[in-house]
Amino acid sequence: MIQISALPAFTDNYIWLLQDHRSQRCAVVDPGDAAPVLAWLEQHPDWVLSDILVTHHHHDHVGGVERLKQHSGATVHGPARENIPGRDVALDDAQRISVLGLEFEVLAVPGHTLGHIAYYHHGLLFCGDTLFAAGCGRLFEGTPEQMHDSLSRLAALPDDTLVYCTHEYTLSNLRFAQAVEPANPEIAQRLEKVTQMREQGRMTLPSTLALEKLTNPFLRVGETSVKQKADERTGLDNPSQSAVFAALRAWKDKF
C-alpha cells in the first residue's frame, strides 16, 4: 500500500514521493531541490523520510540530497559508478534493495549518463532521465547503442508498468513523435489529450509501458514507418535499430 505523488521542482522536474501509511515512513526519488521535500515534511510532521533514491549524478537530481540527509538521517541509495553526494548504498546492475517494504531491482541503463540506473518493482519504474513519456534523455555521456540497449531493456518489462520519469516533457516529445509518425492515430490521440491536460495545468505522468510502445518513437525504431522517416532524414539506409535510434536522437536534439 504505497502512495506515490509528485513534488514539483524547478520548472519541469518532479521529485517522486513514496509513502507507506502503515509505518508513516516515506522516500523520495531524485530530489534536485531540498525545499519542496522539506516543505512537505513540515506540513506532515508525523512522517519520517527514511530513504532517498538517486538515478544519476546531474545536479537537478542530486542538489537537495545532502540537506535532506542532514535533516532526516535518510539512507541515500545511488549508482556505484557515479559521484553521488551523501551516498550510503552504492548500487550496480541486478542488485536489490528494500525500501518501505518494497523490493526494488536495480537496472543499469547507461546512455544519458554512463552510470545511470533505474529502480524497478513489479508495476513501478523510476527511470530518471532515460525513458521519458513519448521520449528519452539526451546522450550526454553514453553512445546511441548504449541508450538503445537501455531503452530496449526497459521496454521488455511488463506492459502495465507505470513509468515515473523526472521531467514534464510529454507535450514537446509528442510533437516530435508526430513529426516522426504523422499517420500514427495513437500519437494524434495522445497529443490531443496531453495538450488539454497541460492547458489545465495537470501533470501527464506516470505513463505506462504499453502506451510508450504505441507512441514513443524511441521505442518504435523497429517499425518500418519510423525507419523510413529516419532514412529520409539522414539520406542513408540505416542498417540497424540502434542506427535508426541515433538518427532520431540527432533529429530530436535540433527539433
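Calculation rules
- Residues numbered from 1 in each chain as written.
- Predicted model: local features only at pLDDT ≥ 70, side-chain atom pairs only at ≥ 80, totals over all residues.
- Heavy atoms only, no water.
- UniProt positions renumbered as here; feature names shortened; annotations may be inferred.
- Helix = DSSP H or I, 4+ residues; strand = E, 2+ residues; numbered from the N terminus.
- Buried < 20%, exposed > 50% of the residue type's maximum accessible area, 1.4 Å probe, protein only.
- Contact = heavy atoms within 4.5 Å.
- Polar contact = N/O pair within 3.5 Å; in protein donor to acceptor, adjacent residues only side chain to side chain.
- Expected span 1.5 Å × (residues − 1).
- Pairing = 2+ DSSP bridges.
- Right-handed = clockwise from strand over helix to strand, strands pointing away.

Before going further, it helps to examine the UniProt feature "binding site: Zn(2+) 2" (unreviewed entry) in the protein chain. Here the UniProt feature "binding site: Zn(2+) 2" (unreviewed entry) sits at Asp 60, His 61, Asp 129 and His 167. A maximum C-alpha distance of 10.7 Å among these annotated residues, which run over 108 residues, shows that they cluster at one spot. Within the fold, His 61 resides in helix H2 (residues 59-62). Given the relative accessible area of 0%, His 61 is considered buried. Not counting residues up to four positions away in its chain, the partners in contact with His 61 are Asn 13, Asp 30, Pro 31, Gly 32, Thr 55, His 56, Asp 129, Thr 166 and His 167. Within the structure, His 61 has its side chain in polar contact with the side chain of Asp 30 (distance 2.9 Å).

Moving on: helix H9 (residues 241-254). A rise of 1.5 Å per residue sets the reference length of H9, with its 14 residues, at 20 Å; its end C-alpha atoms lie 20 Å apart and thus fit the reference within 8%. Along its buried surface, H9 packs onto strand E12 (135-136), helix H4 (144-155), helix H5 (170-180) and helix H8 (224-234).

As a further point, take the sheet that holds strand E8 (residues 102-108). The 6 strands lie next to each other as E7-E8-E9-E10-E13-E14, forming an open sheet whose pairing is mixed. The sheet terminates laterally at strand E7 (96-99) and strand E14 (207-208), the two strands that pair on one side only.

Omega for the bond connecting Leu 205 with Pro 206 falls within 30 degrees of zero, at 0°, which places this linkage in the cis form. Its location among the elements puts Pro 206 in the loop between helix H6 (185-199) and E14. One non-glycine residue with positive phi stands out, namely Asp 30, at about 55°. Structurally, the position occupied by Asp 30 is in the loop between strand E3 (25-29) and helix H1 (34-43). A positive phi is found at Ala 94, a non-glycine position, where the angle reads about 75°. Within the element layout of this structure, Ala 94 appears in the loop between strand E6 (89-91) and E7.

With respect to the secondary-structure elements, Phe 10 resides in the loop between strand E1 (2-9) and strand E2 (13-20). Residue Phe 10 is classed as partly exposed on the basis of its relative accessible area of 48%. In sequence terms Phe 10 and Glu 186 are 176 residues apart; their C-alpha atoms lie 31 Å from each other. Beyond its immediate stretch of four places on either side in the chain, Phe 10 contacts Gly 32, Asp 33 and Asp 60.

Let us look at the pairing of E7. The alternating pattern of E7 places Ile 97 and Val 99 on a buried face and Arg 96 and Ser 98 on a face that is not buried. Where E7 lies against E8, 4 bridges are found, and the strand directions are antiparallel. What sits directly across from Val 99, in E8, is Leu 102. If you look at the hairpin formed by E7 and E8, you'll find 2 residues sitting between the two strands, and Leu 100 has a positive phi there, around 55°.

Most of strand E4 (residues 48-53) is tucked away: 5 of the 6 residues are buried. The pairing of E3 with E4 spans 5 bridges and is classified as parallel. Bridging from a neighbouring strand, Val 28 pairs with Ile 52 of E4. One crossover worth recording links E3 to the parallel E4 by way of H1, and it is right-handed. Pairing between E4 and strand E5 (residues 75-79): 3 bridges, direction parallel.

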